[in-house]
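Overview (structure and organization)
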Amino acid sequence: FKTTTTDRKLHLDGALFYYDYQDKQILGRVLDPLFGPLLQMINVPKSRVTGAELQASWFPMEGLSVTAGGSYIDSEVLDGFVNYDPNGTLVDFKGEAFPNTPKWQLVSDVSYRWPVSAGLDAFVGGGASWQDATNSQLGNLPLLNVKAYSLVDLRAGVETQDHRWKLSVWGRNVGDTVYATTINRDLDTTVRFTGMPATWGVTLSYLAG
C-alpha cells in the first residue's frame, strides 16, 4: 500500500509478502572424501518466507525531512531436510532460518536544508541502521553467529540551489562499531568478514550539463 496525508507531510509505504519455495538454492555443504565438508550450492526441497516492510517519510517543516523504515523476514526450512553442517555432521535442518537472513532490519535518516545566500543552501543530516542477529550457514553453529549491530552516519555541507555544485563532509560508522557481515568455516579455519571502521571524508562534486 501507499498512502499520503491530506497535507502531504506524511507518506507511508508498506507491504506484506509470502514466498513458497521448492528446491530453493542455498549455500550449504557437500562432503568431499579428501577435504571434508566443502561449500556448495544445494537444493532445499521445501522452504518458505513470510515478511513485512514499512517505510515512513515525514516533512514537518520547510527543509526538514525524516524517514524511517523496517522489515521483518521469517524464513524457514520445511519438512525433513538432512544435510551436512559445517563440521561435516549430518543434521536435520527442519525449522532453521535461511543463512544470513536476519529477522529484523531498521533504518532511519534525518536531513535539514536551509538557504545561506542567494543560490546556496547548507545542509546537515544523519542516518542510523540496525540489523538483527543471524547465522552465516545452515547448522546454527555458535561459531558462525553474526551478532546484531547498529551503525550511525553523519553529513554536512553546502550545495548550489541548481544542484550543480556540492561540497560535503561526512562520516560513516562514526561510533567505530566492530561488526561482522558474514562468517565462513573453510576446512579448519573460521573467517570473519568485518565491516568498515569509522571512515571520514570530504566530497566535492559537479554536475555537468
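Small disclaimer: the values here were computed from a predicted structure and weren't measured.

**Some points on the pattern of salt bridges**
- Following the criterion strictly, the structure yields 8 salt bridges and no others.
- Arg-48 is paired through a salt bridge with Glu-76; the nearest N and O atoms lie 2.6 Å apart. Separated by 28 residues along the polypeptide, Arg-48 in strand 3 (residues 36–61) and Glu-76 in strand 4 (residues 64–77) bring together distant segments of the chain.
- Here Arg-48 falls in the buried class, since its relative accessible area comes to 13%.
- Taking the relative accessible area as the measure of exposure, Glu-76 reaches 23% and is therefore partly exposed.
- Between Arg-155 and Asp-109 there is a salt bridge; the shortest N-O distance is 2.9 Å. Taken together, the positions of Arg-155 in strand 11 (residues 149–160) and Asp-109 in strand 7 (residues 104–117) put the pair 46 residues apart, joining distant regions of the chain.
- On the accessibility criterion, Arg-155 (28% relative accessible area) is partly exposed.
- With a relative accessible area of 23%, Asp-109 lands in the partly exposed category.

Basis of the calculations
Residues numbered from 1 in each chain as written. Predicted model: local features only at pLDDT ≥ 70, side-chain atom pairs only at ≥ 80, totals over all residues. Heavy atoms only, no water. Salt bridge = Lys/Arg side-chain N within 4 Å of Asp/Glu carboxyl O. Helix = DSSP H or I, 4+ residues; strand = E, 2+ residues; numbered from the N terminus. Buried < 20%, exposed > 50% of the residue type's maximum accessible area, 1.4 Å probe, protein only.

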